[in-house]
Amino acid sequence: MVFYFLCNLVAPPYVMYMGLDKHENEDLIKWSFPEDVWFHVDKLSSAHVYLRLRQGETLDDLPHVVLEDCAQLVKANSIQGNKTNNLDVVYTMSSNLKKTAGMEVGQVGFHKAKEVRSIRVEKRLNEIVNRLNKTKEEKFPNLREELEERDRKEREDQKKVLREQKQKEKEEQHRREEQKELRSYSSLMREENMTTNQDDGNESDEFM
């Protein structure tokens, strides 16, 4: 089971999701999208919350209210963190998560520690947590199929862009050839005119 939430303070809303337990966290680690952002309470046990970025977005594009919603959701779903003030929530792109053979179920590390960011949470804000819980939905998605479908669409989009680029290059090449042919024709016409002008009329040394 996966729980879905909406941050509807912005339009269109951002989607957040988290697993029921550490075993589902393991699946989320494996099948998350490359554009998903992973959130976790720093140095404490907590839920793994994911935020799905929009196409072309980066971490720098995230509005502060969205970050705050994610941080509050993570804090609220940490037994110890929910009772603790002034804690940090760390976040990074899901592609930066690293899983090694010796790790426990649901445990992760990072490929690049310097790409991990943090946000300070002073205390639980019930108005945020309650607002998010009102949007909560429970689903049983096939995470693998969703990722494969996402990747398939991305490949199709890339092929479409490549086809359009090749067509544009073909049209540009055709345009250059037409211009070259036109310049060649114009040059030929000028040479013919010059030849005709020289041949016309009678040559004479007499002046009136």
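Residues numbered from 1 in each chain as written. Predicted model: local features only at pLDDT ≥ 70, side-chain atom pairs only at ≥ 80, totals over all residues. Heavy atoms only, no water.

A short note on a positive patch on the surface
Here's step 1: Residues R155, K159, K160 and R163 make up a contiguous surface patch of positive charge.
Here's step 2: In this fold, R163 is placed in helix α4 (residues 143-199). (Patch = residues over 30% accessible without salt bridge, like charges linked within 9 Å, V, L, I, M, F, W, Y side chains within 5 Å. Areas by Shrake-Rupley, 256 points an atom, 1.4 Å probe, with all protein chains shown as cover. Salt bridge = Lys/Arg side-chain N within 4 Å of Asp/Glu carboxyl O. Lys, Arg positive; Asp, Glu negative; His and termini not counted. Charge placed at Lys NZ, Arg CZ, Asp CG, Glu CD. Helix = DSSP H or I, 4+ residues; strand = E, 2+ residues; numbered from the N terminus.)

Topic: the packing of helix α2 (residues 64-76) against helix α3 (residues 126-133)
Here's step 1: For the pair α2 and α3, interaxial distance at closest approach is 9 Å and the crossing angle is 90°. Considering the angle they form, α2 stands roughly perpendicular to α3. Taking contact as the criterion, the partners of E68, D69, Q72, L73 and A76 in α2 are, on α3, I128, V129, R131 and L132.
Here's step 2: Taken together, the residues of the contact of α2 with α3 sort by class into 5 nonpolar, 1 polar and 3 charged. (Axes fitted to C-alpha atoms, helices over the stretch in contact; angles between N-to-C directions. Parallel < 35°, antiparallel > 145°, perpendicular 65-115°, else oblique. Contact = heavy atoms within 4.5 Å. Nonpolar A, V, L, I, M, F, W, Y, C, P; charged D, E, K, R; others polar.)

Some points on a nonpolar patch on the surface
Here's step 1: A cluster of nonpolar side chains, contributed by L182, Y185 and M189, occupies part of the molecular surface with about 310 Å² of accessible area.
Here's step 2: Within the secondary structure layout, L182 lies in helix α4.

Details of the confidence of the model for the chain
Here's step 1: Overall, the predicted model of the chain reaches an average pLDDT of 88, with 91% of residues at or above 70.
Here's step 2: Counted against residues more than four places away or in other chains, residues 204-208, with its pLDDT under 50, gives 0 contacts. (pLDDT = per-residue confidence, 0-100.)

A closer look at α3
Here's step 1: Within α3 the residues assigned to the buried category are I128, V129 and L132. All buried residues of α3 fall inside an arc of 95° around its axis, so they share one side.
Here's step 2: On the buried face of α3, the contacting elements are β1 (2-7), β2 (14-19) and α2. (Buried < 20%, exposed > 50% of the residue type's maximum accessible area, 1.4 Å probe, protein only. Arc of directions from axis to C-beta.)

Things to note about the packing of aromatic side chains
Here's step 1: Inspection of the entire model under this criterion finds 4 aromatic pairs.
Here's step 2: Measuring from centroid to centroid gives 5.6 Å for W38 and F110, while their planes differ by 65°, and the two rings are edge-to-face. Of this pair, W38 sits in strand β3 (residues 36-41) while F110 is found in strand β7 (residues 109-110), placing the two residues 72 residues apart along the sequence.
Here's step 3: Its relative accessible area of 27% is what places F110 among the partly exposed residues.
Here's step 4: Ring plane angle 15° and centroid distance 5.2 Å describe the contact between F39 and Y91, whose orientation is recorded as stacked. Within this pair, whereas F39 is found in strand β3, its partner Y91 is found in strand β5 (residues 87-93), the two being separated by 52 residues in sequence.
Here's step 5: Above the ring of F33, the side-chain terminus of R52 is found at 3.6 Å from the ring centroid.
Here's step 6: Against the face of Y4 rests K139, its NZ or CZ located 5.0 Å from the ring centre. (Phe/Tyr/Trp six-rings, centres within 6.5 Å; stacked < 30°, edge-to-face > 60°. Lys NZ or Arg CZ within 6 Å of the ring centre and 35° of its normal.)

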